[in-house]
Amino acid sequence: MNNSGGWQWDRNVSILTNPLVLASLLKGFGAAFGITWLILEIISWTMKTSMTLYVLRHPLKVMEEGVFAFVFIGLIVVITAIVTAIVFRNGYDAHFEVNEQGAWMMPQPGQRKTNDRIHQLLFGLGMLMRKPGAVGMAMIADATQERSIAWSEVQKVVPYPSRLAIGLHDSWHCVLIIYCLPENYEPILNYAYGRVRQS
């Protein structure tokens, strides 16, 4: 829909077959792996008087902790792929808006209900199993269902014509990728370029 207030449209975005989404997921899982390994190292360090001595005396133990973190994140990746294939059918029903204030992406109402059920299940399982990580993941996932960026924050516009997508970057990373329709991709891309040149 295109009106004087901007554009609004719905689109089903593929997940497992979309390299842009997969790249974001891999970055997230990579960060999670690094943080998990770092936490395990800190725990080990607090139990020893010197981390350097600990590493020198127990190099295999340090490697085991890294392997544990890798396996843990690997399991999360596999579970995510299975849930995506079964529950989401490799697609995410998103609603997009672009206007003079900025760009937004949010789940469509049916998608939001599915997301809420999954977040509640993850939260409940985390509480039952006494796993604060699962509880935290559920809370973060719920809080980040909607994403947006104001034009004043956009530093770079990156087009992905083969995906009819436009990446909106701030000074250090891609904040939002908007997935357009064939009929509104070019107008929105030109509009985004114009807004960035103005700021």
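Structural data are supplied above this passage.
Read on for a plain summary of the structure. As the structure is a prediction and not an experimental result, all values here were calculated from the model.

**So, the overall build of the protein**
Per the secondary structure count, the protein includes six helices and eight strands. Along its sequence from the N terminus, the protein presents helices and strands in the succession β-β-α-α-α-β-β-α-α-β-β-β-β-α. Buried positions account for 33% of the 199 residues belonging to the protein. Contacts spanning at least 24 positions in sequence make up 60% of the contacts within the protein whose residues lie at least 6 apart.

**Quick look at the side chain of His-95**
Position of His-95 relative to the elements: it lies in strand S3 (residues 91–98). A residue is classified by how much of its surface remains accessible, and His-95, at 15% relative accessible area, is buried. A polar side-chain atom of His-95 sits 3.4 Å from the main-chain carbonyl oxygen of Trp-9. A distance of 3.1 Å separates the side chain of His-95 from the side chain of Glu-97, its partner in a polar contact.

**Focus: unusual backbone geometry**
Unlike most non-glycine residues, Leu-164 shows phi in positive territory, near 50°. Relative to the assigned elements, Leu-164 resides in the loop between strand S6 (156–160) and strand S7 (165–169). We classify Leu-164 as partly exposed; its relative accessible area is 24%.

**What about the sheet that holds strand S8 (residues 174–179)?**
In space, the three strands of this open sheet follow the order S6-S7-S8, with antiparallel pairing throughout. Of all the strands in the sheet, the pair left with one neighbour each is S6 and S8. Pairs of neighbouring strands in the sheet enclose a mean axial angle of 20°, with direction left out of account.

**Observations regarding the packing of aromatic side chains**
In total, this model carries four aromatic pairs according to the counting rule given. Ring centres of Trp-9 and Phe-96 lie 5.5 Å apart, and the angle between their planes is 20°; this geometry places the pair in the stacked category. Within this pair, whereas Trp-9 is found in strand S2 (residues 6–14), its partner Phe-96 is found in strand S3, the two being separated by 87 residues in sequence. Classification of Phe-96 as buried rests on a relative accessible area of 1%.

**Considering a nonpolar patch on the surface**
A surface patch of nonpolar side chains, about 290 Å² in accessible area, is lined by Val-78, Ile-82 and Ile-86. Note that Ile-86 resides in helix H3 (residues 59–86). Taking relative accessible area as the criterion, Ile-86 reaches 61% and is therefore assigned exposed.

**Some thoughts on the pairing of S6**
Bridge count between S6 and S7: five bridges; the pairing is antiparallel. Opposite Tyr-160, over in S7, you have Ala-165 as the bridge partner. With antiparallel pairing between neighbouring strands as the criterion, S6 and S7 make up a hairpin whose turn holds four residues, including Leu-164 at a positive phi of roughly 50°.

**Topic: the environment of Glu-146**
Relative to the assigned elements, Glu-146 resides in the loop between helix H5 (132–143) and strand S5 (147–150). Taking the C-alpha atoms as reference points, Glu-146 and Ala-94, 52 residues apart in sequence, are found 9.7 Å from one another.

**Looking at the environment of Thr-17**
Its location among the elements puts Thr-17 in the loop between S2 and helix H1 (19–46). Along the chain, Thr-17 and Gly-91 lie 74 residues apart, while their C-alpha atoms are 9.3 Å from each other. Ignoring any residue separated from it by four or fewer positions in sequence, one finds Thr-17 in contact with Asn-90 and Arg-163.

**Here we look at the side chain of Asn-184**
Within the element layout of this structure, Asn-184 appears in the loop between S8 and helix H6 (185–198). By relative accessible area, Asn-184 is classed as buried at 6%. A distance of 2.8 Å separates the side chain of Asn-184 from the backbone nitrogen of Leu-181, its partner in a polar contact. In contact with Asn-184, other than residues within four places in its own chain, are Trp-7 and Trp-9.

So, how was this worked out
- Residues numbered from 1 in each chain as written.
- Predicted model: local features only at pLDDT ≥ 70, side-chain atom pairs only at ≥ 80, totals over all residues.
- Heavy atoms only, no water.
- Helix = DSSP H or I, 4+ residues; strand = E, 2+ residues; numbered from the N terminus.
- Buried < 20%, exposed > 50% of the residue type's maximum accessible area, 1.4 Å probe, protein only.
- Contact = heavy atoms within 4.5 Å.
- Polar contact = N/O pair within 3.5 Å; in protein donor to acceptor, adjacent residues only side chain to side chain.
- Pairing = 2+ DSSP bridges.
- Axes fitted to C-alpha atoms, helices over the stretch in contact; angles between N-to-C directions.
- Phe/Tyr/Trp six-rings, centres within 6.5 Å; stacked < 30°, edge-to-face > 60°.
- Patch = residues over 30% accessible without salt bridge, like charges linked within 9 Å, V, L, I, M, F, W, Y side chains within 5 Å.
- Areas by Shrake-Rupley, 256 points an atom, 1.4 Å probe, with all protein chains shown as cover.
- Salt bridge = Lys/Arg side-chain N within 4 Å of Asp/Glu carboxyl O.

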